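# Topology and contacts: notes
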Amino acid sequence: AQRVTQPEKLLSVFKGAPVELKCNYSYSGSPELFWYVQYSRQRLQLLLRHISRESIKGFTADLNKGETSFHLKKPFAQEEDSAMYYCALDAGGTSYGKLTFGQGTILTVHP
Amino acid sequence: GAGVSQSPSNKVTEKGKDVELRCDPISGHTALYWYRQRLGQGLEFLIYFQGNSAPDKSGLPSDRFSAERTGESVSTLTIQRTQQEDSAVYLCASSPPGQYEQYFGPGTRLTVT
């Protein structure tokens, strides 16, 4: 069975500092990885997907199959980045669409 | 347009009672998912509906949990004989055909006393 681990429950940085939210996964196949974000009083929403290889709101994430990681990075954090971030895995095949989520990391960006 | 809606937003019930949670997906979305989020934990998959196919119930934690969906519209999640460990936020999400992104509702917070 697949598993997603986000080792940091809380992460605090100052505005303008780089930020990295860690995500590690265990799965023997080739998964799809996602980052979802939940801002205060808003719904959970997709931030980015590894296959897209795009930068959203300055965030990027690279899938490292050797280290089974999918860390989320931003070079200069902004106060509006403060939110709960979830890493999620889709194992595909017959499990397509069934996301396995990590426990989440609360990011706080201080002014 | 309107997003995924869920009702009620909050539900307090006594242990042993049955509860029904409702989800209205975005119109045209063929896939519908239910997740559970216990306090301090990540989202846990419960059940998945895709069009007219048989639902994937592999995440339901016990036979006290069941869900139905009428065509490609409303879904209800029913929990019978609720227990205190059922207390959680229950989230519903839907996806359009052939797309990966899941659009989440606001959730229903269930408290079993």
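I will try to describe carefully the structure that is included in this document.

Another aspect to go through is the overall build of chain B. Of the regular secondary structure elements, chain B holds 0 helices and 10 strands. The secondary structure elements of chain B, listed N-terminal to C-terminal, are β-β-β-β-β-β-β-β-β-β. For chain B, the C-alpha radius of gyration of 13 Å lies close to 13 Å, the compact-globule estimate for 113 residues. Along the first, second and third principal axes, the C-alpha atoms of chain B reach 40 × 25 × 25 Å. Considering chain B as a whole, with its 113 residues, one finds that 49% of them fall into the buried category. In chain B, the share of contacts with a sequence separation of at least 24, taken over all contacts with a separation of at least 6, comes to 54%. On chain B, roughly 5,400 Å² of surface is accessible, and the fraction owed to carbon and sulfur atoms is 44%.

This next bit is on the nonpolar core. Generally speaking, soluble globular proteins have nonpolar side chains that are buried together. Judged by nonpolar contacts, the single largest core of 25 residues is most densely connected at W35, L72 and Y85 of chain A. Breaking this core down by element, the ones donating at least two residues are β2 (10-14), β3 (19-21), β5 (32-38), β6 (45-49), β9 (83-90) and β11 (105-110) of chain A. Per-element accounting of this core gives the leading share, 4 residues, to β9 of chain A. What L72 of chain A contacts, discounting residues up to four positions off in sequence, is V19, E20, L21, W35, L47, L48, F59, T60, A61 and Y85 of chain A. Ranked by size, the runner-up nonpolar core spans 20 residues in total, among them F49, A67, I79 and V112 of chain B.

So, about the side chain of D86 of chain B. Relative to the helices and strands, D86 of chain B is located in the loop between β7 (75-79) and β8 (88-95). If sequence neighbours within four positions are ignored, D86 of chain B has contacts with R36, R64, F65, I79, L110 and V112 of chain B.

Attention shifts here to the pattern of salt bridges. Applying the stated criterion to the full structure yields 9 salt bridges over all chains. We note a salt bridge from E14 of chain B to K17 of chain B, for which the minimum N-O separation is 3.6 Å. According to the relative accessible area criterion, K17 of chain B is partly exposed, its value standing at 43%. Among the salt bridges present, the one from D24 of chain B reaches R22 of chain B, with a minimum N-O distance of 2.8 Å. Taking relative accessible area as the criterion, D24 of chain B reaches 23% and is therefore assigned partly exposed. Note on R22 of chain B: relative accessible area 35%, which makes it partly exposed. If you follow the salt bridges from partner to partner, you end up with E20, K22 and K73 of chain A in one network.

This part is about the state of the cysteines. What the rule picks out here adds up to 2 disulfides over all chains. Sulfur-sulfur distance for the disulfide between C23 of chain A and C87 of chain A comes to 2.0 Å. Every disulfide takes its handedness from the sign of the S-S torsion; for C23 of chain A and C87 of chain A that torsion is -65 degrees, giving left-handed. Taken as a pair, C23 of chain A in the loop between β3 and β4 (24-26) and C87 of chain A in strand β9 lie far apart in primary sequence, 64 residues in all. Each member of the pair, C23 of chain A as well as C87 of chain A, carries the same accessibility label: buried. Across the disulfide from C23 of chain B sits C92 of chain B; the S-S distance is 1.9 Å. Handedness here is read from the sign of the S-S torsion; for C23 of chain B and C92 of chain B, about -65 degrees, the answer is left-handed. Residue C23 of chain B is found in strand β3 (residues 19-24), and its partner C92 of chain B is found in strand β8; the two are separated by 69 residues along the sequence. The class for C23 of chain B is buried, based on a relative accessible area of 0%.

This brings us to the interface of chain B and chain A. Opposite the 20 residues of chain B that make contact, chain A presents 17 residues. Taken together, the two surfaces of chain B and chain A that pack against each other cover about 1,600 Å², and 52% of this comes from carbon and sulfur. When residues of chain B are sorted by the area they lose upon contact with chain A, L43, Y100 and F104 of chain B head the list and together hold 38% of the total. Across the chain B-chain A interface, the total number found is 1 salt bridge. For D56 of chain B, the salt bridge identified is with K98 of chain A, shortest N-O distance 3.1 Å. Scanning the region where chain B abuts chain A turns up 8 residue pairs in polar contact (both at pLDDT 80 or more). Of all elements in the fold, only β4 (31-37) and β5 (43-50) of chain B reach the threshold of two or more residues within the side of chain B that touches chain A.

About the thresholds
Here the residue numbering is sequential within each chain, running from 1 through the sequence in written order. By the order in which they are written, chains take letters starting at A while ligands take numbers starting at 1. Reporting of local features is limited, given that this is a predicted model, to residues whose pLDDT is at least 70; pairs of side-chain atoms are given and counted only at 80 or more, and all residues count toward the totals for whole chains, interfaces and linings. The basis for every side-chain value is the complete set of heavy atoms in the structure, and neither hydrogens nor water enter the calculation. Counting from the N terminus, the helices are DSSP H or I runs at least four residues long and the strands are E runs at least two residues long. The globule rule used for comparison is 2.2 Å times the number of residues to the exponent 0.38, while the radius of gyration itself is calculated over C-alpha atoms. Accessible area is worked out with a 1.4 Å probe on protein chains only. A residue is then buried under 20% of its type maximum, exposed over 50%, and partly exposed in between. By definition, residues are in contact when any of their heavy atoms lie within 4.5 Å. Methods summary: accessible areas were calculated by the Shrake-Rupley approach with a probe of 1.4 Å, and residue burial reflects only the protein chains presented. Buried Ala, Val, Leu, Ile, Met, Phe, Trp, Tyr and Cys residues that are joined via side-chain atoms within 4.5 Å together make up what is termed a nonpolar core. For this document, the term salt bridge refers to a Lys or Arg side-chain nitrogen within 4 Å of an Asp or Glu carboxyl oxygen. In this description, a disulfide is simply a cysteine sulfur pair whose atoms lie within 2.5 Å. Joining two parts hides part of their accessible area as seen by a 1.4 Å probe, and the buried area is that hidden amount summed over both. The definition of a polar contact used here is a pair of N or O atoms within 3.5 Å, where within protein one atom must be able to donate a hydrogen and the other to accept one, and adjacent residues in sequence count solely through side-chain atom pairs.

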